[in-house]
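What follows is each chain in one-letter form.
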Amino acid sequence: MRHWSEEDPWADEEPGLLIRPYTVTGGRTAPVRTGIELITLISTVRPPTRDQRLQPEQNQLLALCRVPTALVEVAARLGLPVAVVRVLLDDLLDHELVSVSPSSAAGSPDARFIQAVIDGIRRI
Amino acid sequence: MAFAESDPATALAADAATAKILVAGGFGAGKTTLVGAISETAPLRTEELITEASVGVDDLAGVERKTTTTVAMDFGRITLGPALVVYLFGAPGQDRFWFMWDDLSRGALGAVVLADTRRLESCFPSVDFFEHRGIPFAVGVNCFDGRCEEDPEEIRAALDLAPGIPLVLCDARDTESVKKVLLALLEHVMRGLAAEASTSPTYG
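Since the model is a prediction, treat every value here as computed from it, not as a measurement. (Residues numbered from 1 in each chain as written. Chains lettered and ligands numbered in written order. Predicted model: local features only at pLDDT ≥ 70, side-chain atom pairs only at ≥ 80, totals over all residues.)

**As for the nonpolar core**
- One finds Leu71 of chain A together with Ile21, Val112 and Val113 of chain B to be the most contacted residues of the largest nonpolar core, which totals 75 residues.
- In this structure, Leu71 of chain A is in contact with Ile36, Glu37, Leu38, Thr40, Ile42, Val82 and Val85 of chain A, ignoring residues within four places of it in sequence. (Core = buried A, V, L, I, M, F, W, Y, C linked by C-beta atoms within 7 Å. Buried ≥ 20, exposed ≤ 12 C-beta atoms within 10 Å, placed from the backbone. Contact = placed C-beta atoms within 7 Å.)

**Focus: the pairing of strand β4 (residues 84–90) of chain B**
Residues and elements named next belong to chain B.
- When you tally the buried positions in β4, you get seven out of seven residues, the bulk of the element.
- In this structure, strand β1 (residues 17–25) lies alongside β4, joined through seven bridges in parallel fashion. Residue pairing across strands places Ala19 opposite Val86, the latter belonging to β4. (Helix = DSSP H or I, 4+ residues; strand = E, 2+ residues; numbered from the N terminus. Pairing = 2+ DSSP bridges.)

**Focus on helix α4 (residues 82–94) of chain A**
Residue and element names in this part refer to chain A.
- Taking 1.5 Å of rise per residue, 13 residues should cover 18 Å, and α4 covers 18 Å from first to last C-alpha, within 8% of that figure.
- Taken residue by residue, α4 has Val82, Val85, Leu88, Leu89, Leu92 and Leu93 as its buried positions. Down the axis of α4, the buried set is contained in an arc of 140°. They therefore lie on one face.
- Note on α4: the residue one or two positions beyond its end, Glu96, has a positive phi of about 55°. (Expected span 1.5 Å × (residues − 1). Arc of directions from axis to C-beta.)

**Thoughts on the packing of helix α5 (residues 111–123) of chain A against helix α6 (residues 175–199) of chain B**
- Here α5 of chain A crosses α6 of chain B at 165°, and the two axes come no closer than 10 Å. The orientation of α5 of chain A relative to α6 of chain B falls into the category roughly antiparallel. Handedness of the crossing formed by α5 of chain A with α6 of chain B: left-handed. Along the contact surface, α5 of chain A presents Ala111, Ile114, Val117, Ile118, Ile121 and Arg122 of chain A, while α6 of chain B presents Lys179, Leu182, Leu183, Leu186, Glu187, Val189, Met190 and Leu193 of chain B.
- Grouping the amino acids of the contact of α5 of chain A with α6 of chain B by side-chain chemistry returns 11 nonpolar, no polar and three charged. (Axes fitted to C-alpha atoms, helices over the stretch in contact; angles between N-to-C directions. Parallel < 35°, antiparallel > 145°, perpendicular 65-115°, else oblique. Left-handed = near helix turned anticlockwise from the far one by under 90°. Nonpolar A, V, L, I, M, F, W, Y, C, P; charged D, E, K, R; others polar.)

**A few points about helix α3 (residues 98–105) of chain B**
All names here are of chain B.
- Of all the positions in α3, only Trp101, Leu104 and Ser105 are classed as buried. All buried residues of α3 project into a common sector of 85° when viewed along the axis, lining one side. Along α3, the residues that are exposed and aim more than 90 degrees away from the buried face are Asp102 and Asp103.
- On its buried face, α3 sits against β1, β4 and α4 (124–133).
- Phi turns positive, to about 80°, at Gly107, one or two residues after α3.

**Notes on the interface of chain B and chain A**
- With 34 residues of chain B at the contact, the number on the chain A side is 30 residues.
- Every element with two or more residues in the side of chain B that touches chain A is listed here: α1 (8–11), β1, β2 (44–53), β3 (66–81), β4 and α6 of chain B.
- Among the elements that make up the side of chain B that touches chain A, the one with the highest residue count is α6 of chain B (eight residues).
- A per-class count over the side of chain B that touches chain A returns 21 nonpolar, five polar and eight charged.

**Remarks on the confidence of the model for chain A**
All names here are of chain A.
- For chain A, per-residue confidence averages 78 on the pLDDT scale, and residues scoring 70 or more make up 70% of the total.
- When pLDDT is averaged over each helix and strand of chain A, the minimum, 51, is found for helix α1 (residues 4–7) and the maximum, 97, for strand β1 (residues 41–44).
- Taken as a whole, residues 9–27 scores under 50 in pLDDT and shows 12 contacts with residues more than four places along the chain or in a different chain. (pLDDT = per-residue confidence, 0-100.)

Here's what the structure looks like:
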């Protein structure tokens with residue numbers, strides 16, 4: 001038996017940062033993906049096709065996210081806990097009906113980013 | 001074209017950068033009011049069902065128990081352009097909710113601790129939390145009705161704040177006043193980054 005590190009090509013370099021490729025899961029109770037945060041923006045890519053049977057909440061999410069909307073805001077507007085929205089989101093990502101914005105928590109923010117926020121707030 | 005929008009919220013790009021600022025403080029200090037004063041939407045609320053280990057609640061030696069708690073989190077949104085949006089999170093500052101703050105503070109730019117001079121001690125736990133975790137924060141002293149009779153230096157001493165930590169008198173209902181608090185925090189964050197860059201070795 002080979003050592004685990006020889007079997008897993010993903011085991012080095014960037015553990016924890018990966019959004020898993022489309023995974024076949026049935027009857028999921030917990031989200032598969034990591035890296036989706038409260039403030040990750042969710043955007044609807046396209047409407048579902050006829051044969052994609054979605055739950056009403058998922059259709060609501062698709063309608064809401066025609067304007068890019070953060071996970072926490074989707075939860076608040078749909079009246080669902082964040083954990084539930086994460087699971088709904090997994091299906092929609094599998095179907096490529098939504099996209100998510102790049103993770104912001106990776107690494108600490110740099111000075112240019114902070115300056116952009118400062119400039120923006122000054123302009124309010 | 002994208003930079004001259006009249007309704008920034010609808011112009012937000014799908015891959016826009018997002019930032020998070022926390023608002024902590026004791027019950028009734030005005031956290032949601034502060035969020036509402038600068039958010040482009042009325043403050044939104046999520047009720048989160050959170051499973052927490054019941055540490056110190058009813059200690060049954062050797063028995064690992066879990067309880068489910070509902071925690072309300074108020075937040076607001078500030079779209080600063082098509083490629084940048086900031087979310088402000090106000091959440092309870094009681095000791096029993098700190099497990100939630102650990103999650104919330106990951107990736108946050110920093111925090112505002114809102115102090116109410118009538119109950120100054122209620123923001124002590126928040127100050128402790130951010131100090132111990134090395135999360136940059138600024139203290140906003142909420143002076144209701146715009147009357148600030150308190151001496152900022154006395155408040156600073158009462159909170160035992162380190163010299164560099166900003167303390168700003170504010171009115172949590174007033175947008176301009178809230179802007180000042182946020183800018184004080186962000187400039188503090190900038191100074192921290194600059195200090196870090198000058199003391200730590202350069203890699204690569």
